[in-house]
Amino acid sequence: EGTAPSFPLYSEAVKFYRHSESMVRAAVRTLTLNVYGIPDEGVRTYVLHGPCCGYFPQLVSTLEEQYLHIVELRALLQLSKDPPPSARSRLDAVLPEIDDLICYCNDILMLGIPEIASHLSCIFWDNL
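Here, residues in each chain are numbered from 1, in the same order as that chain's written sequence. Only residues with pLDDT of at least 70 get local features here, since the model is predicted, and only at 80 or more are side-chain atom pairs given and counted; chain-wide, interface and lining totals rely on the full set of residues. Computation of side-chain values covers all heavy atoms of the structure but excludes hydrogens and water.

(A) Representation of the side chain of Arg 25. The helix count covers DSSP runs of H or I at least four residues long, the strand count covers runs of E at least two residues long, and both are numbered beginning at the N terminus. Relative to the helices and strands, Arg 25 resides in helix α2 (residues 22-36). Each polar contact in these results corresponds to two N or O atoms within 3.5 Å; when the atoms are within protein, one needs to be able to donate a hydrogen and the other to accept it, and residues that are neighboring in sequence are counted only if both atoms are side-chain atoms. Within the structure, Arg 25 has its side chain in polar contact with the backbone oxygen of His 19 (distance 2.6 Å). In this analysis, two residues are considered to be in contact whenever any of their non-hydrogen atoms come within 4.5 Å of each other. With near-sequence residues (within four places) excluded, Arg 25 lies in contact with Phe 16, Tyr 17, Arg 18, His 19, Ser 20 and Glu 97.

Given below as structure tokens:
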């Protein structure tokens, strides 16, 4: 008693959610989905209220950043008579990432865990 709960596997994994390597990001998403599926109140409390509770807001913030980046690139491509070729390649790079994030958020919601789904949904409503 008196010891703060810890879940090093989860807390260390979520530090890499924006890693430059897509396989690392995929591993983080797979691990977190598996953790969310653990039917244990202590695990859920840790995920939602523990030291890593900022993960969901960071996830939504990343999604918002990616969306704004797409809007910016789209405007550049549409408004410029001669858009730089890099704008198209940057757009082609960001679209799969935002698709992955949306699918991951959907996967979290589809786990059917009311506390987690409600928490993530509230963060979406508050931030987007």
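This is not the end of the story, as more comes after the structure.
(B) Quick look at the nonpolar core. The set of buried Ala, Val, Leu, Ile, Met, Phe, Trp, Tyr and Cys residues whose side-chain atoms join them within 4.5 Å is what this entry labels a nonpolar core. Exposure categories follow from relative accessible area, calculated using a 1.4 Å probe and restricted to protein chains: below 20% of the type maximum is buried, above 50% is exposed, and the middle band is partly exposed. With 35 residues, the main nonpolar core has Tyr 10, Tyr 36, Val 47, Tyr 55, Phe 56, Leu 59 and Ile 108 as its most contacted residues. Within the residue set of this core, elements represented by two or more residues are α1 (8-13), α2, α3 (41-49), α4 (55-79), α5 (85-110) and α6 (114-127). Counting residues per element, this core draws most heavily on α5, at 8 residues. Not counting the four nearest positions on each side in its chain, Tyr 10 is found in contact with Leu 31, Thr 32, Val 35, Tyr 36, Tyr 46, Val 47, Cys 52 and Tyr 55.

(C) Molecular detail of the environment of Phe 124. Among the secondary structure elements, Phe 124 is positioned in helix α6. Along the sequence, Phe 124 and Leu 59 sit 65 residues apart, while their C-alpha atoms lie 9.7 Å from each other. Ignoring sequence-local partners within four residues, the contact set of Phe 124 consists of Val 60, Leu 63 and Cys 105.

(D) Highlighting the pattern of salt bridges. Salt bridge, as applied in this entry: a Lys or Arg side-chain nitrogen positioned within 4 Å of an Asp or Glu carboxyl oxygen. Tallied over the entire structure, the rule returns 5 salt bridges. Of the charged contacts in the structure, one is a salt bridge between Lys 15 and Glu 12, with a shortest N-O distance of 2.8 Å. Under the relative-accessibility criterion, Lys 15 is labelled exposed at 57%. On the basis of relative accessibility, which here comes to 40%, the residue Glu 12 falls in the partly exposed class. One salt bridge connects Glu 65 with Arg 18, and the closest N-O pair in it is separated by 3.0 Å. Highlighted residues: Glu 65 in helix α4 and Arg 18 in the loop between α1 and α2, separated in sequence by 47 residues. Judged by relative accessible area, Glu 65 falls into the partly exposed class, the value being 38%. Residue classification places Arg 18 among the partly exposed positions, given a relative accessible area of 43%. Several salt bridges share partner residues, and in doing so they unite Arg 25, Arg 29 and Glu 97 into one network.

(E) Up close: the packing of α4 against α6. Simply put, an axis is a line fit to the C-alpha atoms, just over the touching stretch for a helix, and the angle between two N-to-C directions goes from 0 to 180 degrees. With their axes 10 Å apart at the nearest point, α4 and α6 run at an angle of 45° to one another. In terms of orientation, α4 lies oblique with respect to α6. Judged by the sense of rotation from one axis to the other, the crossing of α4 with α6 is right-handed. Residues Phe 56, Pro 57, Val 60, Leu 63 and Glu 64 of α4 lie in contact with α6, whose contacting residues are Ile 116, His 119, Leu 120, Ile 123, Phe 124 and Asn 127. In these notes the angle categories are as follows: under 35 degrees is roughly parallel, over 145 is roughly antiparallel, 65 to 115 is roughly perpendicular, and the rest is oblique. Two helices that cross are described as forming a left-handed crossing if the nearer one is turned anticlockwise from the farther one by less than a right angle, and a right-handed crossing if clockwise.

(F) Expanded view of the packing of aromatic side chains. Note on aromatic contacts: the rings of Phe and Tyr and the six-membered ring of Trp form a pair at centre separations within 6.5 Å, being stacked when their planes are under 30 degrees apart, edge-to-face when over 60 apart, and tilted otherwise. Taken as a whole and assessed by the stated rule, the structure comprises 8 aromatic pairs. Taking 6.4 Å as the distance between ring centres and 80° as the angle between the ring planes, the aromatic pair formed by Tyr 10 and Tyr 46 counts as edge-to-face. Of this pair, Tyr 10 sits in helix α1 while Tyr 46 sits in helix α3; the two residues are 36 residues apart in sequence, bridging distant segments of the chain. Accessibility assignment for this pair places Tyr 10 and Tyr 46 in one class, buried. Cluster of aromatic residues (ring-pair linked, three or more members): Phe 7, Tyr 10, Tyr 17, Tyr 36, Tyr 46, Tyr 55 and Phe 56.

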